[in-house]
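So you can see what is in the structure, the chains are spelled out below.
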Amino acid sequence: EIISVTSLFTLMGMALLYNKYEQQRYRAQLEALNRQNEEKALRLENLNRAKEKILSTLSHNLRQPLSAMRSLLHLDEDLSPAVLNDFTGRVRNNLDNVLLSLDNTLRWSHTRLKGLIPAPQYCSVHETFLQVEKQFEALLAEKQLVFTRTGVPGTLLYADPGHLAVILRNLLSNAI
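Residues numbered from 1 in each chain as written. Predicted model: local features only at pLDDT ≥ 70, side-chain atom pairs only at ≥ 80, totals over all residues. Heavy atoms only, no water.

Novice: Please provide a residue-by-residue account of the overall build of the protein, values included.
Specialist: When its secondary structure is counted, the protein shows five helices and two strands. When its helices and strands are written in sequence order, the protein yields α-α-β-α-α-β-α. Against the 2.2 N^0.38 benchmark of 16 Å for 176 residues, the protein shows a C-alpha radius of gyration of 32 Å, more extended than a compact globule. Considering only C-alpha atoms, the protein reaches an extent of 115 × 45 × 20 Å along its principal axes. Buried residues in the protein amount to 23% of all 176 residues. Considering only intrachain contacts with a sequence separation of at least 6, the fraction spanning at least 24 residues in the protein is 84%. (Helix = DSSP H or I, 4+ residues; strand = E, 2+ residues; numbered from the N terminus. Rg over C-alpha atoms; globule rule 2.2 N^0.38 Å. Buried < 20%, exposed > 50% of the residue type's maximum accessible area, 1.4 Å probe, protein only. Contact = heavy atoms within 4.5 Å.)

If you want it as structure tokens, here you go:
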């Protein structure tokens, strides 16, 4: 009987040890799953912040050209041919600016989501300013503003040309 009782207690002890081992293993698995869920939640939160920033930037970049087009469309309906041609040119210019802003914002959002690195190279600051100024010619004229550039025309800047153009465009748009 002593051997039977000892065997029973030994089996019960082994069963308890096995149960404790299984509990620890399940607890470790649960902790690993919780860590994975926390990492996924953090990634999701970062993606949501990036999405919100993209939408904010997109709405900011599109608001000004669309508002300008809207104000042009509210002009008096009996326009002379010369004014109508000017009007058409302004609308075309504003549409070009909207499309350019949209392309730039989409490119920027793609780089934010994909983590792409800017590709800096030597680019002409003068040429970039000329391109940006040309995009805002109609709006500058409409508001009777003058855009003045200073600096040496041959100046080169080591930057991503696309990002530089977006920065200058945003600065000029905000200034106007």
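Novice: So, the environment of R27: which residues are in play, and what are the values?
Specialist: Tracing the sequence through the fold places R27 in helix α1 (residues 2-73). For R27 and T88, which are 61 residues apart along the polypeptide, the C-alpha to C-alpha distance reads 70 Å.

Novice: Describe the nonpolar core, naming the residues involved and giving the relevant values.
Specialist: Counting nine residues, the largest nonpolar core consists of C123, V132, F136, L139, L140, L164, L168, L172 and I176. Mapped by element, the contributors of at least two residues to this core are α4 (137-142) and α5 (161-175). It is α5 that provides the largest number of residues to this core, a total of three residues. Other than its neighbours up to four places away in sequence, L164 contacts C123, T128 and L157. (Core = buried A, V, L, I, M, F, W, Y, C linked by side-chain atoms within 4.5 Å.)

Novice: Would you mind going over unusual backbone geometry in detail, with residue names and values included?
Specialist: Even without a glycine there, the phi angle at Q144 is positive, about 55°. When you line up the elements, Q144 lands in the loop between α4 and β2 (156-159). Note on Q144: relative accessible area 73%, which makes it exposed.

Novice: Give me the lowdown on helix α3 (residues 125-135), citing residues and values where you can.
Specialist: Three or more residues of α3 are buried, namely V125, T128, V132, E133 and Q135. Around the axis of α3, the buried residues are gathered within 155° of arc, so they sit on the same side. Exposed positions of α3 whose direction lies more than 90 degrees from the buried face are Q131 and K134. (Arc of directions from axis to C-beta.)

Novice: Account for α5, naming residues and giving values.
Specialist: Given a rise of 1.5 Å per residue, 15 residues ought to cover 21 Å, and the 21 Å separating the end C-alpha atoms of α5 matches this to within 8%. Those residues of α5 lying buried are L164, A165, L168, R169, L172 and S173. Axial view of α5: buried residues confined to an arc of 160°, hence all on one face. Exposed positions of α5 whose direction lies more than 90 degrees from the buried face are L171 and N174. (Expected span 1.5 Å × (residues − 1).)

Novice: Please provide a residue-by-residue account of the packing of aromatic side chains, values included.
Specialist: Taken as a whole, this structure holds three aromatic pairs when the rule is applied. For the pair Y18 and Y21, a centre-to-centre distance of 6.5 Å together with 35° between the ring planes defines the contact as tilted. Taken together, the positions of Y18 and Y21, both in helix α1 and three residues apart, correspond to about one turn of that helix. Y18 gets classed as exposed once you look at its relative accessible area, which sits at 53%. When its relative accessible area of 47% is taken as the criterion, Y21 is described as partly exposed. When the ring centre of Y26 is taken as origin, the NZ or CZ atom of R25, which lies over that ring, is 5.1 Å away. (Phe/Tyr/Trp six-rings, centres within 6.5 Å; stacked < 30°, edge-to-face > 60°. Lys NZ or Arg CZ within 6 Å of the ring centre and 35° of its normal.)

Novice: So what's going on with the packing of α3 against α5? Residues and values would help.
Specialist: The N-to-C vectors of α3 and α5 enclose an angle of 45°; their axes lie 10 Å apart at closest approach. For the element pair α3 / α5, the angle class is oblique. As α3 runs across α5, the sense of the crossing is right-handed. Each of T128, F129, V132 and Q135 in α3 lies in contact with α5, whose residues at this interface are L164, A165, L168, R169 and L172. Residues belonging to the contact of α3 with α5 are distributed by class as follows: six nonpolar, two polar and one charged. (Axes fitted to C-alpha atoms, helices over the stretch in contact; angles between N-to-C directions. Parallel < 35°, antiparallel > 145°, perpendicular 65-115°, else oblique. Left-handed = near helix turned anticlockwise from the far one by under 90°. Nonpolar A, V, L, I, M, F, W, Y, C, P; charged D, E, K, R; others polar.)

Honestly, it's all geometry; don't read function into it.
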